[in-house]
Structure formats: structure tokens, C-alpha cells
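# Structural overview
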Amino acid sequence: MKKKMKKIMVAICMVAIISFSLSIATVKNENNGEWNKEYEGMHFFDIEPTKRGYVIVGTFWKQGEGNGLIMKVDENGNMIWQRCYGGRDEDGLWCVLETADGYLAGGYTFSYARGVGNEDFWLIKVDKNGNEIWNRTYGTYLGELGKVIKAKDEGYLIVGYISSFRDDIKSINGSGILIQTDRNGDIKWYKTFDGNGFDYFYDVIKTEDGYLISGITESYATHGIWDAWLLKVDKNGNEIWNRTYGWRGYGWKGYVWNAYVKEEEDGYVIAGYVLLGRGEIPYAYLIKTDKEGNEIWKKVYGGGEYDYIKDFEVIDDGYILAGFTESYNVGNFDAWLLKVDKEGNEVWNKSFGGRWEDKFEGIIVLEDGYLLCGKTEHEWGYGNGWLVKCNDEAPPKIKIVKPKENRLYIFDREIMAYSKTLIIGGITVVAESDKPEKIDRVEFYYGSHYVFDEEPREIDYSPPYEWKCRVFGLNSWGRITVAARYGNAGAAAVDKREVYIINLFPAFSASFA
């Protein structure tokens, strides 16, 4: 009898183990390998693939002081090592590349700058374990390093902007600068490019016959106040050609605010963000050119609030852009991923984050999706470094179906069309998704553009997704935000509705629902 009971217990345990294993496999399949991880006190700015992992650079913040950060993680985002560099003042690292014997990172330093309050360009070379080999500063005044790459010959190439350099170049507004170093970081030559206005280099890539630099220019702008700028130079920094691109529409001249460049077989692509309209609202943009820099097409993207691009990549079926958005956000800025096709048409966009500030700063393309770096916050002003692994697939959509736009509601009943969405008394907010099977939960928030709930007013886990809104209002403007959480990468599908509410007695209005 005892042996029989023992066999039964073993069988039960085996069934339980198999069931548990299947449930884990199901969860992994539903998430499709997505994940997101946080790293306390950090802000990541760039990420590069390495053998069996990734190297990340940024800033590590502790008690209000920032140091340059280099961190190595494995393929799943688990930290292998991290090192901090710098002195007593603020220092940070913007970009990184792998070398034969380690890594080279570029950024800025106040600690080692030549004068009080000055910010110098900064290169730091480390071995495979992050131990410092050398670091160099390049004396600038009111300058900022944009990018560093391996030069066509031995050494490195730096681009950025400066107001003065080594006491022998001074610019009232700011100049784009190109610096060639040897493999030890010592300067071989440098050149500046400027006119009568503000000129800035952000990015540089190697081409067959030299380099292509992207930036923004006021001096040579022919479209807006500031234009996107491509400058082709030979391997010694001599100009071959330069082109500008910009916008005049939207009732106002545009300010192109940054410009990153990639090469394709048939030309180049520039991405960044541009301020348009009288309100100077940031929109993401993409510009396609041929090999001579002649514009083929240009497009802008965004929802009319504040949308920024900080990095992008060319992919097989188009382009993938990373940044942050206020048009498709849950709270403050949300990290943003935008996919467009080869003609520049939007395919989909995704938002990631919570109620505070979340940003993507860098992106790399993987076989099964994308890996992004940046920062995430859980309270104002306190951020963590953030790695997000997400898939290349369209997100589910969420739509507020009640209240409708430009309707009058009285005690939860639709009365008639109106010039705005006016709600008298309470209302039941209803949202629908095109893919409810992918939704984990739906969160409801209420607030204005500048003040928002830290926690959701309601969470609903199954359709129909509803919230009985009973907020006080004196014909007060507000915004209902609905966030549908899905996957395991911190993503949210978002819809919003601007409303005006008259509700003097919220508790009383609930009885009319």
C-alpha cells in the first residue's frame, strides 16, 4: 500500500513539474524573448555589440555628482563589470567603439578641463576589462563632442562643435570641428567649418573616399532658420561638397536641432528632430539623399506635441528610429520606437515607460528585434539606466470609444454633438483594443498636460476596459489617458481624450451611472 501511494505521489509531482515547465514555456513564447532591465543611478547614451554581449557608456550619478561610465553586459543584460572614470566635477561618455585591445569612449569632462566651468572633449581608452589605458582631453570652450570613430588610417576621428579651441580658433557663435588623432589620442590635425552663424557636427561615418559628416547649420541654411547639414570631406578633412536640408512649411521656418547619418547602397539617410510651427514643436524627421547629397524625399513624424529622435539604424525593410515622445506618452516623456518603410512611410510606433521620464538614447539591431539603451524614472529626477529588448512587430492598439470627441454628456449619457468634449456629472470611460489577447492590463489616468496622476485611477485586466470617472470640475480642461500594457519590454499602447468637466459633487454624480 505504501509503495502504491509513493508511486501515486511521484506521478503527481511529475505532472506538476511538466505543467509548470509548460507554463514557463508559454510565458516565454508570449513574450517572445522580450525583457527590460534597470541599473541604479545610471543614464546610458550608447551601446555597441561585442563578443558574447554588449558594451554601454553613459553617466553614473551618485549624490549629485556624475562620472563617466563604461559597463559590459552579457546577451541577457546581466552585468559582467562596470567602471567609472573622472574626477570631482561632472563627467560623462556619449559614444563607444570596440578596438583590438579594448574599447574607446568619447564624451565630456569638467574635472579635467582647462578652465573653471569649461567642458572639454574627452577620450578614454580601456582594456577588455575596463581598466584605463589612457585618457586625453582636447581644450575647448563651450563645446560638445558629437561622435568618435576609427579613422581611415591609424587613429581616431572626432566631430563636435566648439566656440574656441587651443586658444587659436575662436568663434562667436560656434563652429563644427573635425579632429584626427593617432592611436594614442594625440592630435595629428584638426579643421573647423563655420560661417556667420551657429554650426554644429553631430555624427560622422567613413565613406569610400573619405568621411561624411552630419550636423546642423545656421550659416548656410537655405530652408529654415537652422538646416540639417551634410559635409563630404576627403581623408585629410578637405571639403568635397556640402548640402543643406530643411523646412519652411507649417507657417514658420524650421529649426533642425540634430542630425545623424547612415549610408545605404544608393545614398544616405539623415534622421533627427526639427522644431516646426509658431510653437516650435519638435517633430521627428527622416531625409533620404543620393550619393551626391541631393535630396530625394523628406518626412516628419509625431503627434504634434514633443517628439525627439536620438539614434536610428537602417534595416532590411526600412528604418528604425529611437528617441522619446510626449505625443504618445503615458505620463511625462516616454521612450519611443518608430519604424518606417523604404519610402519613409510610418509602419508603426511604440511607446515604453511609466508616468515619469523615460528615454531611448541608442539602438542596435538584433536578429530577432532591437536592443535599446537609455534611462527610466520612477520618481521625478531619480533615473536608472535602462536596457530594453523588444521585438520587430506591430503593437496592439487601444482606443477610447467613450467619451467620443466633440460630444456633450450629461450623467453618463451622450446627448448631442458639441464644439468640445463636455462632461456634466460623471462618466464611464470605455476603451477597446484590436488585440485584447495581447493586453496584460489597461490603466486609466486623469490630469492636465502639466499635472498627472502618479498612480492609475483604475486598472482593468479584461475587456470591456472601463473606468467610472468621478472627478471634480468647474468646466475644467483635463486629459483622460488610457495605457494598455503588453509584452515584457515595458511597452504601452496609449490613447488620450481631452475633456472639459463640470462636476461639483462627484459622489452624488455616481448615483446616476
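Residues numbered from 1 in each chain as written. Predicted model: local features only at pLDDT ≥ 70, side-chain atom pairs only at ≥ 80, totals over all residues. Heavy atoms only, no water.

Moving on: the sheet that holds strand E6 (residues 91–99). Hydrogen bonds between backbone atoms are what pair the strands of a sheet, whose relative direction is either parallel or antiparallel. Judged by pairing direction, the sheet is antiparallel, and its four strands sit side by side in the order E6-E7-E8-E9 without closing on themselves. Looking at which strands have only one partner, the edges of the open sheet turn out to be E6 and strand E9 (132–138). For this sheet, the mean inter-axis angle between neighbouring strands, taken without regard to orientation, is 20°. Sheet topology places strand E7 (residues 102–109) next to strand E8 (residues 120–127); eight bridges connect them, and they run antiparallel. (Pairing = 2+ DSSP bridges. Helix = DSSP H or I, 4+ residues; strand = E, 2+ residues; numbered from the N terminus. Axes fitted to C-alpha atoms, helices over the stretch in contact; angles between N-to-C directions.)

A word on the environment of Tyr301. If you trace the backbone, Tyr301 turns up in strand E23 (residues 295–301). Along the chain, Tyr301 and Glu346 lie 45 residues apart, while their C-alpha atoms are 7.8 Å from each other. Filtering out sequence-adjacent residues up to four positions away, Tyr301 remains in contact with Tyr283, Ala284, Tyr285, Leu286, Trp336, Leu338, Val340, Gly344 and Glu346. At 2.6 Å, the side chain of Tyr301 forms a polar contact with the backbone oxygen of Gly344. (Contact = heavy atoms within 4.5 Å. Polar contact = N/O pair within 3.5 Å; in protein donor to acceptor, adjacent residues only side chain to side chain.)

Across the eight residues of strand E16 (residues 210–217), eight count as buried, placing the element largely inside the fold. Direction of pairing for strand E15 (residues 199–207) relative to E16: antiparallel, over a ladder of eight bridges. By the bridge assignment for E16, Phe201 is matched with Gly215. Hairpin connection, E15 to E16: the antiparallel pair is bridged by two residues. In the sheet, E16 pairs with strand E17 (residues 227–233) via seven bridges, with the strands oriented antiparallel. Residue pairing for E17: Tyr211 is matched across the bridge by Val233. (Buried < 20%, exposed > 50% of the residue type's maximum accessible area, 1.4 Å probe, protein only.)

When you line up the elements, Arg497 lands in strand E40 (residues 491–503). Buried and unpaired, Arg497 has no salt bridge, with Glu405 as the nearest side chain of opposite charge at 4.4 Å. From its side chain, Arg497 meets the backbone oxygen of Ile400 in a polar contact 2.9 Å long. (Lys, Arg positive; Asp, Glu negative; His and termini not counted. Salt bridge = Lys/Arg side-chain N within 4 Å of Asp/Glu carboxyl O.)

This part covers the pattern of salt bridges. This model, assessed by the stated rule, comprises 27 salt bridges. A salt bridge links Asp209 to Lys232, with the shortest nitrogen-to-oxygen separation between them at 3.1 Å. You can see Asp209 sitting in the loop between E15 and E16 and its partner Lys232 sitting in strand E17, a full 23 residues away along the chain. By relative accessible area, Asp209 is classed as partly exposed at 42%. Assessed through its relative accessible area of 6%, Lys232 is described here as buried. Glu414 serves as the salt-bridge partner of Lys404, at 3.8 Å between the closest nitrogen and oxygen. Placement of the pair is Lys404 in the loop between strand E31 (398–402) and strand E32 (407–410) and Glu414 in strand E33 (residues 413–417), with a sequence separation of ten residues.

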